[in-house]
Amino acid sequence: MLAKAIFLDIGGIVLEINWRKTVEALGVFDRSQQDQIWSVLGSAKIHLELERGNATPQEFFAFVRSELKLSPEAPLEEAWNQLILGPLPQVDQIFDRYAGIVPLYALSNTNRPHYDYFMKQFPVMKRFDRILTSFELGHRKPDSEIYMAAATEVGLSPSEIVFIDDSPANVDAAGHLGFRSFHSVNSVPATLEILQRQFSI
């Protein structure tokens, strides 16, 4: 069966992400302290629920302020967006080559504040045919439900979809469900090479 669509992760595939920039924006520059803070924030249940759409941004930011003992004046919402650095070099080449020929979808673990930020700041994000987010689908990668829900949303079977992600766990989970899944990290040339092997265009 021929591949009929492309699912791309956002962070590490389309946009460059560096969580340390968020912690630095809060005034923490010691790397060991940064690691401690992110180990709390990144794996906190409320963070995962934020990405599933089950917690509000206000609830999440209140948790962070309390956990890190931040003053009400600390620019937390602005700092939260600082981890999104911008498009990877040459990422427009993916869209230049495949847009209008093969449907291009994003499938991302993300949250409403980050979504609103990258849609406003980076025009390349508007080149997707559709962006499928964890907070709208109610599940996160590598949970099997998000992959199947996304495939249903676009009306295709997993075997008809090329999926590229920067997380090996996410790639493996998609592969077990029948997606044509591949790993790439911060490399547009590597992503293009994968796509060129999958599509005779």
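See the structure shown above.
**Q** So what exactly am I meant to see when it comes to the packing of helix H3 (residues 45–52) against helix H4 (residues 57–68) here?
**A** In a packed pair of helices, the relevant descriptors are the angle between the two axes and the axis-to-axis distance. At a minimum axis distance of 10 Å, the contact between H3 and H4 shows a crossing angle of 160°. Looking at the two axes, H3 sits roughly antiparallel to H4. Where H3 crosses over H4, the handedness of that crossing is left-handed. Residues Ile46, His47 and Leu50 of H3 pack against Pro57, Glu59, Phe60 and Phe63 of H4. Residue composition of the contact of H3 with H4, by class: five nonpolar, one polar and one charged.

**Q** Looking at this structure, how should I read the packing of aromatic side chains?
**A** Two aromatic rings are characterised by how far apart their centres lie and by the angle between their planes. The final tally for this structure, using the stated rule, is 13 aromatic pairs. Arranged with centres 5.7 Å apart and planes meeting at 55°, the rings of Phe60 and Phe61 form a pair that is tilted. With respect to class, Phe60 is no different from Phe61; both count as buried. Seen in terms of ring centroids, Tyr115 and Phe135 are 5.9 Å apart; in terms of plane orientation they differ by 75°. Their pairing is edge-to-face. Placement of Tyr115 in helix H7 (residues 112–121) and of Phe135 in helix H8 (residues 134–137) is noted, with a sequence separation of 20 residues between them. By way of ring pairs, the aromatic residues Phe7, Tyr105, Tyr147, Phe163 and Phe179 are connected into one cluster.

How each quantity is defined
- All residue numbers here refer to positions counted from 1 along the written sequence of the relevant chain.
- Thresholds applied to this predicted model are a pLDDT of at least 70 for local features of residues and 80 or more for the giving and counting of side-chain atom pairs; totals over whole chains, interfaces and linings are not thresholded and use all residues.
- The side-chain quantities take in all heavy atoms of the structure and omit both hydrogens and water.
- Note on method: axes are straight lines fitted to C-alpha atoms, helices fitted across the in-contact stretch only, with angles between N-to-C directions ranging 0 to 180 degrees.
- By definition, any uninterrupted DSSP run of H or I lasting at least four residues is a helix, any uninterrupted run of E lasting at least two residues is a strand, and each is numbered from the N terminus.
- Here roughly perpendicular refers to angles of 65 to 115 degrees, roughly parallel to angles under 35, roughly antiparallel to angles over 145, and oblique to all remaining angles.
- Here a crossing is called left-handed whenever its near helix is offset anticlockwise from the far helix by less than a right angle, and right-handed whenever the offset is clockwise.
- Residue contacts follow a heavy-atom distance rule, with two residues in contact if any of their heavy atoms lie within 4.5 Å.
- Only Asp, Glu, Lys and Arg are considered charged, only Ala, Val, Leu, Ile, Met, Phe, Trp, Tyr, Cys and Pro nonpolar, and every remaining residue, Gly among them, polar.
- The pairing test for Phe, Tyr and Trp rings, Trp by its six-membered ring, is centres within 6.5 Å, and the orientation test on the planes gives stacked under 30 degrees, edge-to-face over 60, and tilted for anything in between.
- When accessible area is computed with a 1.4 Å probe and restricted to protein chains, residues below 20% of their type maximum are described as buried, those above 50% as exposed, and intermediate ones as partly exposed.

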